[in-house]
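These are the residues of each chain, in order.
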Amino acid sequence: MTLAKAPAVDVDGAKTRRRERPGHRPGPRPGHRAATGVGRPGFAWAAPAAVFFGLFAVVPLLMVVVLSFSRWNGLGSPEFAGLDNWRKLLDDPVMIESLWLSLLLTVLGVVVQTPVSILLGVWAAGHQRNRAVLSAIYFVPLLLSITAVSVLWRAVLDPNFGVPSQASWLFGDGNLLGTQSSALGVLVFVSTWQFTPLHALIYQGAARAVPQVLYQAAQIDGAGTVRQFFHITLPQLRNSIVTSTILMVVGGLTTFDTVLILTQGGPGTDTTISAYYMYQKAFKSFDFGAGAAVALLLVAVAGLVSLVMVRLTGYDKMRSTMEGV
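Residues numbered from 1 in each chain as written. Predicted model: local features only at pLDDT ≥ 70, side-chain atom pairs only at ≥ 80, totals over all residues. Heavy atoms only, no water.

Caption draft 1: A look at the overall build of the protein chain. Counting its regular elements, the protein chain contains 16 helices and 2 strands. Residues classed as buried in the protein chain amount to 34% of the 325 residues present. Nonlocal contacts in the protein chain, meaning residues at least 24 apart in sequence, comprise 67% of its contacts between residues at least 6 apart. Counting only carbon and sulfur atoms, one obtains 66% of the accessible surface of the protein chain, whose full area is about 21000 Å². (Helix = DSSP H or I, 4+ residues; strand = E, 2+ residues; numbered from the N terminus. Buried < 20%, exposed > 50% of the residue type's maximum accessible area, 1.4 Å probe, protein only. Contact = heavy atoms within 4.5 Å. Areas by Shrake-Rupley, 256 points an atom, 1.4 Å probe, with all protein chains shown as cover.)

Caption draft 2: Quick peek at the packing of helix α4 (residues 93-124) against helix α13 (residues 238-253). At a minimum axis separation of 9 Å, α4 and α13 run at an interaxial angle of 145°. Classified by chirality, the crossing of α13 by α4 is right-handed. Taking contact as the criterion, the partners of S102, L103, T106, G109, V110, Q113, T114, S117 and I118 in α4 are, on α13, I241, T245, M248, V249, G252 and L253. For the contact of α4 with α13, the residue count by class is 7 nonpolar, 8 polar and no charged. (Axes fitted to C-alpha atoms, helices over the stretch in contact; angles between N-to-C directions. Left-handed = near helix turned anticlockwise from the far one by under 90°. Nonpolar A, V, L, I, M, F, W, Y, C, P; charged D, E, K, R; others polar.)

Caption draft 3: Spatial organisation of the layout of surface pockets. Estimates place the volume of the largest pocket at around 440 Å³. Together, 16 residues line the largest pocket, and V122, G126, Y215, Q228 and T233 are the ones closest to its centre. Elements that contribute at least two residues to the lining of the largest pocket include exactly α10 (180-208), α11 (212-220) and α12 (225-236). Looking at which element gives the most residues to the lining of the largest pocket, the answer is α12, with 6 residues. In the lining of the largest pocket, the residues fall into 7 nonpolar, 8 polar and 1 charged. By volume, the second largest pocket is sized at about 380 Å³. Lining the second largest pocket are 21 residues, and of these S191, F195, G251, G252 and T255 lie nearest its centre. Contributing elements (two or more residues each) for the lining of the second largest pocket: α4, α10, α13 and α14 (257-262). The class makeup of the residues in the lining of the second largest pocket is 10 nonpolar, 10 polar and 1 charged. (1 Å grid on protein atoms, 1.4 Å probe; cavity = no way out; pocket = protein on both sides within 12 Å on 5 of 7 lines; lining within 4 Å. Points joined across faces, edges and corners; volume = space filled by probe spheres on them.)

Caption draft 4: How the structure looks around the side chain of T245. Locating T245 in the fold gives a position in helix α13. At 2.6 Å, the side chain of T245 forms a polar contact with the backbone oxygen of I241. In this view, T245 contacts V110 and M309; residues no more than four positions away in its chain are not counted. (Polar contact = N/O pair within 3.5 Å; in protein donor to acceptor, adjacent residues only side chain to side chain.)

Caption draft 5: Local environment of the side chain of Q204. With respect to the helices and strands, Q204 occurs in helix α10. Overall, Q204 belongs to the buried group, its relative accessible area being 8%. Dropping the residues within four chain positions of it, Q204 is found in contact with G121, A124, A125, R131 and F139.

The quantities given are spatial measurements derived from coordinates; they are silent on function.
Structure, rendered in structure tokens:
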């Protein structure tokens, strides 16, 4: 006589589940979501942000679009001008030059800031002595406004009373803003000095998220610090590099304050970038229709460049929340 085998029980006295077939994954129990009350948040949660974005982003953008097809000097009512503003811009050599200068400054900013930011961010993610104090000091420029930084460096680089006047052996006549090449170099340097801490902070957080087991395995295999950096750290920072680069591109194409205070578009029109050219058209020539057209064109260029970067880097296809995966 054979006895029936008693069902196995766990510590709570419940029957254990039958062994599932290989490769079978049990799905959620029916009604589990309804029982817990967990679901997607409704549109009401996004309504405040959507209203804010609509009032302060979409509506002004639509007003700029309408104004770009109008003729208005700031007084009275705008008059419809059709495509006149756009025709004038396309025939204006200063406008074309301003676009190239904006792209040039953006490329130079990315080329200079990216390696410096990565190195500083990875270093700040370590455990060196006095790392926290040095990082806090270096992040001070990030707390200052663009206007304050521009005024500071204009005083420092003044050819009569600044540093160049005391080091003629290095700066020559000291007028660093007197030629196009040196003026562009100053603009790139000032932007790098102020905004590199922001991107270094991004890389610092990303570097700390890299699993330490990768470095431990590399050390066992005999990889040194340099090889670990190029074969582990950099690949793991891929997502952050793309994000930081997009921020640099958008920021570079919309730079205005630094040019206004340091060079005012000079010498001549050698540093007249698109954002400053928009300011000249709208607030110096009182041609707000042309200024709106320049602004709209700049938004279109910045958006197009960002979309191209997202497509080329595959950033839109990344699904993992882990850095570099």
